[in-house]
Amino acid sequence: MDDLIFTPAAKRHVDPWAYVFLAPALALLALFLFYPAVWIVFSSLSHEAGHSSVSAWINELESPSFWRAILNTMYFGAIYVPGSIVIGYVLARLISQHNRMRWLLVILFFLPVLLPSAAMGLVWRWMYNPDTGMINNLLSLAGYPAVDWLKDSHLALPAIAVACVWQGAGLVAAILVVAIWAVPREFGEMATLDGAGGWRRLIHVDLPSVKPALVVSILLLVINALRIFASILVMTGDGGPGNWTTNLSFLVYRKWMKEFDLGGAAVLSIVLCFSIILMVVLLHRHPVRGRESQ
Amino acid sequence: MTGVRRLLMALILAVFITIWLAPAVAIISEAFSHDPAAAMASNHHDPLLFTALANTVVVSFTASLLACTLGATAGYALSKKRFYGRKLLFGALLASVFIPPTVMMAPMFRITASLGIYDTLAALILPASASGFAIVFMKVAIDRIPASVIDAAHIDGLGEVGTFARIVLPQVRAPLAALFIIEMISNWGALAVPLAVIDRPENYTLTLSMIAAGNSLTPEPRARMLLLTALIVLPAVALFLLKAREAISGTLSTYFKYERIDADT
């Protein structure tokens, strides 16, 4: 004990107490995190006699439903990420105009984020209902025919993405409001005095001043876009119509729970995890460096 | 800024508030499109609904408590102790945060089956307690305690457990509370892993029984689903309103670990 205090070099040694504090967590993690990760890799390579060990990989890469799922994931992200960022940014700017009500407004727009995706899907299924849903009621008031949003192969995925923007924009607004408050107001006012108006002020002053928060928001949204599963299950039941709302994450569920194709599900899991890691690596470097250099 | 512009911005904000509240109106109008008395009566005689509620409370409370405990102890070791594989472990835990829940369905089924806990509440609690996020979150929080504080405690004769319980824990009370709320909310609404490890209706959580009600063709599931939605949503909203600031800044500070958002700086 005394040695530890008086010889700093001794601190460099491994502290056995570390393992005492780690042991309970490690026991559970080994069972429910590390073993599953290894097991998935092995399952993706398992094979029947006479087939090569990469047959599951080849099967998946050749299957049209895999590529359809990739396209659906990208299509969903292409609506969800920009939609949430733009609306979330507008919301954050509007909220930060109000000094007294700002926490109330942040809470209001952040509340949907707390809704479990399954409950969010259920609420929006009511909203999209062709007979009694609020959206179709408004359409019929305006004189348009009712649309069965979630049963139309071209509308179903955008409809789900819009529901998710309702959640995503609130998350972005909460993150950006905090970032906007940290920026002195004089920044924008000086730019206006210098003659930068409208778009020029937005692109050269307002957006760069919250850049780290924007990048973090994009990162969270991209990860969400790749994970989304529960709301699709609740809103469409089976990723339908056809395969039109089946994204990569949903296809993993379907392969395993409905088609009992363990090898295929494992291959898709690995593809999904690696695409998320790739996105994190691509997007995450940026903000931390930018902030530290200041 | 001119008065006209201010008015315009207030109007746009009002439009957004209306859109954000619309789904709440959808829930209420759904409620009044049925005979409320009949709906309540049919729910009242549904013992499985109360079982599902009890299961959800037990599972999410136990799992969140376990995740916070393990997060604090393992986070302390990661932050303040040296051991072999420390960087590797932290990297693995950080990466685990991004694993989508559907990916874990098949492995969780297999592991709970071989442990003999498939289709029990333990199969819901234990996987949810092994939270890499909780450990990373608490490691980041404990990083803020200077090493000199820990050293001073040792010099004053506090043992390892005493230092952890009486020096470290009191300093991370706010992050721990935020973490508990985050874990509660995510466990309360969890769907993917429960789908894989639960079979019998008496072990359903609220989300599972919502899925089951949505798939059944009996005439009353809508009223029942309405009640389920309320039950699923309310605790999150209540917890959040109680601790709104801590929850938001707690959540955000894990992402913005280079920036203090809390007011107590």
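Nothing here was measured: the structure is a model prediction, and the numbers come from that model. (Residues numbered from 1 in each chain as written. Chains lettered and ligands numbered in written order. Predicted model: local features only at pLDDT ≥ 70, side-chain atom pairs only at ≥ 80, totals over all residues.)

## So, the overall build of chain B
Selection criterion: The numbering of helices and of strands both runs from the N terminus, where a helix is a DSSP run of H or I of at least 4 residues and a strand a run of E of at least 2. Whether two residues are in contact depends on their C-beta atoms, placed from the backbone: they are in contact if these lie within 7 Å.
Of regular secondary structure, chain B possesses 14 helices and zero strands. For chain B, the share of sequence-separated contacts (at least 6 apart) that also reach a separation of at least 24 residues comes to 79%.

## Points about the overall build of chain A
In plain terms, the rule: Both definitions apply: the radius of gyration is a C-alpha atom measure, and the globule rule equals 2.2 Å times residues to the power 0.38. Counting other C-beta atoms within 10 Å of a residue's C-beta gives its exposure: the residue is buried at 20 or more, exposed at 12 or fewer, and partly exposed in between, where C-beta atoms are placed from the backbone.
Scanning chain A from terminus to terminus reveals 14 helices and zero strands. Across chain A, helices and strands are ordered from the amino to the carboxyl terminus as α-α-α-α-α-α-α-α-α-α-α-α-α-α. Its C-alpha atoms give chain A a radius of gyration of 24 Å, more than 25% over the compact-globule value 19 Å for 294 residues. Seen through its C-alpha atoms, chain A measures out along the principal axes to roughly 70 × 65 × 30 Å. Here chain A holds 294 residues, and the buried ones make up 41% of them.

## With respect to the interface of chain A and chain B
Let me state the cut-off plainly: Three residue categories are used. Nonpolar comprises Ala, Val, Leu, Ile, Met, Phe, Trp, Tyr, Cys and Pro, charged comprises Asp, Glu, Lys and Arg, and polar comprises the others, including Gly.
Counting residues at the interface gives 68 residues for chain A, matched by 69 residues for chain B. If one sorts the elements of the side of chain A that touches chain B by residue count, helix H2 (residues 17-45) of chain A sits on top with 16 residues. Here the side of chain A that touches chain B is built from residues that sort into 57 nonpolar, six polar and five charged.

## Observations regarding unusual backbone geometry
Its identity as a non-glycine residue notwithstanding, Phe260 of chain A has a phi of 50°, on the positive side. As for its position among the elements, Phe260 of chain A is in the loop between helix H13 (248-257) and helix H14 (262-292). You will see that Asp119 of chain B, though not glycine, has its phi angle at about 65°, which is positive. Mapped onto the elements, Asp119 of chain B comes out in the loop between helix H5 (105-115) and helix H6 (122-129). The partly exposed category is assigned to Asp119 of chain B, around which 15 C-beta atoms lie within 10 Å.

## A few points about the confidence of the model for chain B
Residues and elements named next belong to chain B. This is how it is decided: Values of pLDDT, ranging from 0 to 100, describe the predictor's confidence in every residue of the model.
The predicted model of chain B averages 81 in pLDDT, with 74% of residues at 70 or higher. Here helix H2 (residues 36-44) stands out as the element of chain B with the lowest mean pLDDT, 55, in contrast to H6, whose mean of 95 is the highest. Contacts of residues 255-265 to residues separated by more than four positions or lying in other chains number 15 contacts, the stretch itself having pLDDT below 50. Overall fold confidence for the complex sits at a pTM of 0.85, while the interface term, ipTM, reaches 0.83.

## Quick notes on H5 of chain B
Within H5 of chain B, the full set of buried residues consists of Met105, Ala106, Pro107, Met108, Ile111 and Thr112 of chain B. Looking at the residues trailing H5 of chain B, positive phi occurs at Gly116 of chain B, about 80°.

## With respect to the environment of Ser64 of chain B
All names here are of chain B. By the secondary structure assignment, Ser64 is in helix H3 (residues 47-80). Judged by the 25 C-beta atoms lying within 10 Å of it, Ser64 is buried. For the pair Ser64 and Ala128, spaced 64 residues apart in the sequence, the C-alpha separation amounts to 7.7 Å. Those residues in contact with Ser64 that lie beyond four places of it in its chain are Phe180, Glu183, Met184 and Asn187.

## Observations concerning the environment of Leu94 of chain B
Checked against the element boundaries, Leu94 of chain B lands in helix H4 (residues 86-96). As for Leu94 of chain B and Gly189 of chain B, which are separated by 95 residues in sequence, their C-alpha atoms are 22 Å apart.

## Let's talk about the environment of Ala165 of chain B
Residue and element names in this part refer to chain B. Inspection of the secondary structure assignment puts Ala165 in helix H9 (residues 160-171). Residue Ala165 is classed as partly exposed on the basis of its 13 C-beta neighbours within 10 Å. For the pair Ala165 and Thr73, spaced 92 residues apart in sequence, the C-alpha to C-alpha distance is 9.7 Å.

## Some details on the packing of helix H4 (residues 64-95) of chain A against helix H8 (residues 156-182) of chain A
In a pair of packed helices, the angle between the axes and the distance between the axes together describe the arrangement. Residue and element names in this part refer to chain A. For clarity, the threshold we go by: The axes used here are C-alpha line fits, helices contributing only the stretch in contact, and every angle between their N-to-C directions lies in the interval 0 to 180 degrees. In what follows, roughly perpendicular refers to angles from 65 to 115 degrees, roughly parallel to angles under 35, roughly antiparallel to angles over 145, and oblique to any angle outside these ranges. For any helix crossing, the convention is left-handed if the near helix is rotated counterclockwise from the far helix by under a right angle, and right-handed if that rotation is clockwise.
Here H4 crosses H8 at 40°, and the two axes come no closer than 6 Å. As far as their axial angle goes, H8 and H4 are oblique. Once H4 is placed against H8, the crossing between them reads as right-handed.

## Focus: the nonpolar core
Where we set the bar: Take the buried Ala, Val, Leu, Ile, Met, Phe, Trp, Tyr and Cys residues, join any whose C-beta atoms are within 7 Å, and the set you get is a nonpolar core.
Formed by 150 residues in total, the largest nonpolar core has its most connected members in Ala173 and Leu176 of chain A together with Met105 of chain B. Residues within four places of Met105 of chain B in sequence aside, it is in contact with Tyr253, Trp256 and Met257 of chain A together with Ala192, Val193, Leu195 and Ala196 of chain B.

## Details of H4 of chain B
Residue and element names in this part refer to chain B. Rules: Working note: the arc is built from the helix axis to C-beta atom directions.
Taken as a whole, H4 has its buried residues at Leu89, Leu93 and Ser96. Here the buried residues of H4 occupy an arc of 60° about the axis, which is enough to place them on one side. Among the exposed residues of H4, those oriented more than 90 degrees off its buried face are Lys87, Leu88 and Gly91.

## Observations concerning the confidence of the model for chain A
Residue and element names in this part refer to chain A. Across chain A, the average pLDDT comes to 84, with 91% of residues at or above 70. The secondary-structure element of chain A with the lowest mean pLDDT is helix H1 (residues 2-6), recorded at 45, while H4 shows the highest, at 94. Contacts from residues 1-10, a stretch scored under 50 in pLDDT, to residues over four places away or in other chains number five contacts. Within the model, pLDDT remains below 50 along residues 287-294, and this stretch shows 10 contacts once partners closer than five positions in the same chain are excluded.

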